[in-house]
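If you want the building blocks of each chain, they are given just below.
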Amino acid sequence: MFGLGWSEMMVVGIVALIVIGPKDLPGLFRTMGEFTGKARGMAREFSRAMNAAADESGVRDISSTIKAASNPASFGVDKIKEATGMTKGPATQALSEERQAMKEKMSDAMAKAATDRQAREAAETQAAEEATPSETPKGDA
């Protein structure tokens, strides 16, 4: 409340008790409660009036249009993906035989390239290990 911590509120309460006195303090708290209630009610009413004005002027329609524009699904991108077969799941169209054969050919080529690279890296690692002499000191046995 007002950015005050419990310790600061305790100090304010003690000062209010000393300055105002214990007899008038409950009346002060009641008045402050009524004031904050009225302030909250006025803020609520202001918020409602602003929302009503926004509805009347069409700001909400513009806001929903902007949100829809930022959502690709609302522009039919999902339908384009579905038509081209780029979506996953039951809506995916089966590949033609020619495309399936090309896919398998590419997968095989990528797998061969990966195994060749792994073999090459292993050979390079082994060659590097053989080229570096062992660093065990002689005579420390």
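What counts, and where the lines are drawn
Each residue is numbered by its place in its chain's sequence as written, counting from 1. Two thresholds apply to this predicted model, a pLDDT of at least 70 for residue-level local features and 80 or more for giving and counting side-chain atom pairs, whereas whole-chain, interface and lining totals are computed over all residues. Note that water and hydrogens are dropped before the side-chain values are worked out from all heavy atoms of the structure. Only runs of H or I of at least four residues qualify as helices and only runs of E of at least two qualify as strands under DSSP, and these elements are numbered from the N terminus. Residue burial is assigned from relative accessible area. The probe radius is 1.4 Å, only protein chains are included, and a residue is buried under 20% of its type maximum, exposed over 50%, and partly exposed in between. Here the accessible surface of atoms and residues is derived via Shrake-Rupley with a 1.4 Å probe, and residues count as covered only by protein chains that are part of the display. Here a helix's expected span is defined as the number of its residues, less one, multiplied by 1.5 Å. Any Lys or Arg side-chain nitrogen located within 4 Å of an Asp or Glu carboxyl oxygen qualifies as a salt bridge.

*Asks:* Sorry if this is basic, but what is going on with the overall build of the protein here?
*Replies:* Looking only at helices and strands, the protein features five helices and zero strands. Counting from the amino terminus, helix and strand elements in the protein follow one another as α-α-α-α-α. A buried classification covers 4% of the 141 residues belonging to the protein. Working note: accessible area of the protein is about 12600 Å², and carbon and sulfur atoms make up 63% of it.

*Asks:* Quick question: what am I supposed to make of helix H1 (residues 6-20) here?
*Replies:* Think of an α-helix as turning once every 3.6 residues; residues three or four places apart then point the same way. The end-to-end C-alpha distance of H1 is 20 Å, a good match for the 21 Å that 15 residues give at a rise of 1.5 Å each. Of the residues one or two after H1, Gly21 is the one with positive phi, at around 100°.

*Asks:* Just to check I follow, could you spell out the pattern of salt bridges for this structure?
*Replies:* As a working rule, side chains carrying opposite charge can pair if their charged atoms are close by. Scanning the entire structure with this criterion turns up three salt bridges. The salt bridge partner of Arg48 is Glu45, with a shortest N-O separation of 4.0 Å. Of this pair, Arg48 and Glu45 both sit in helix H2 (residues 25-57), three residues apart, which is roughly one turn of the helix. The residue Asp116 makes a salt bridge to Lys112 at a minimum N-O spacing of 3.0 Å. Residue Asp116 and its partner Lys112 are located together in helix H5 (residues 97-131), separated by four residues, close to a single helical turn.

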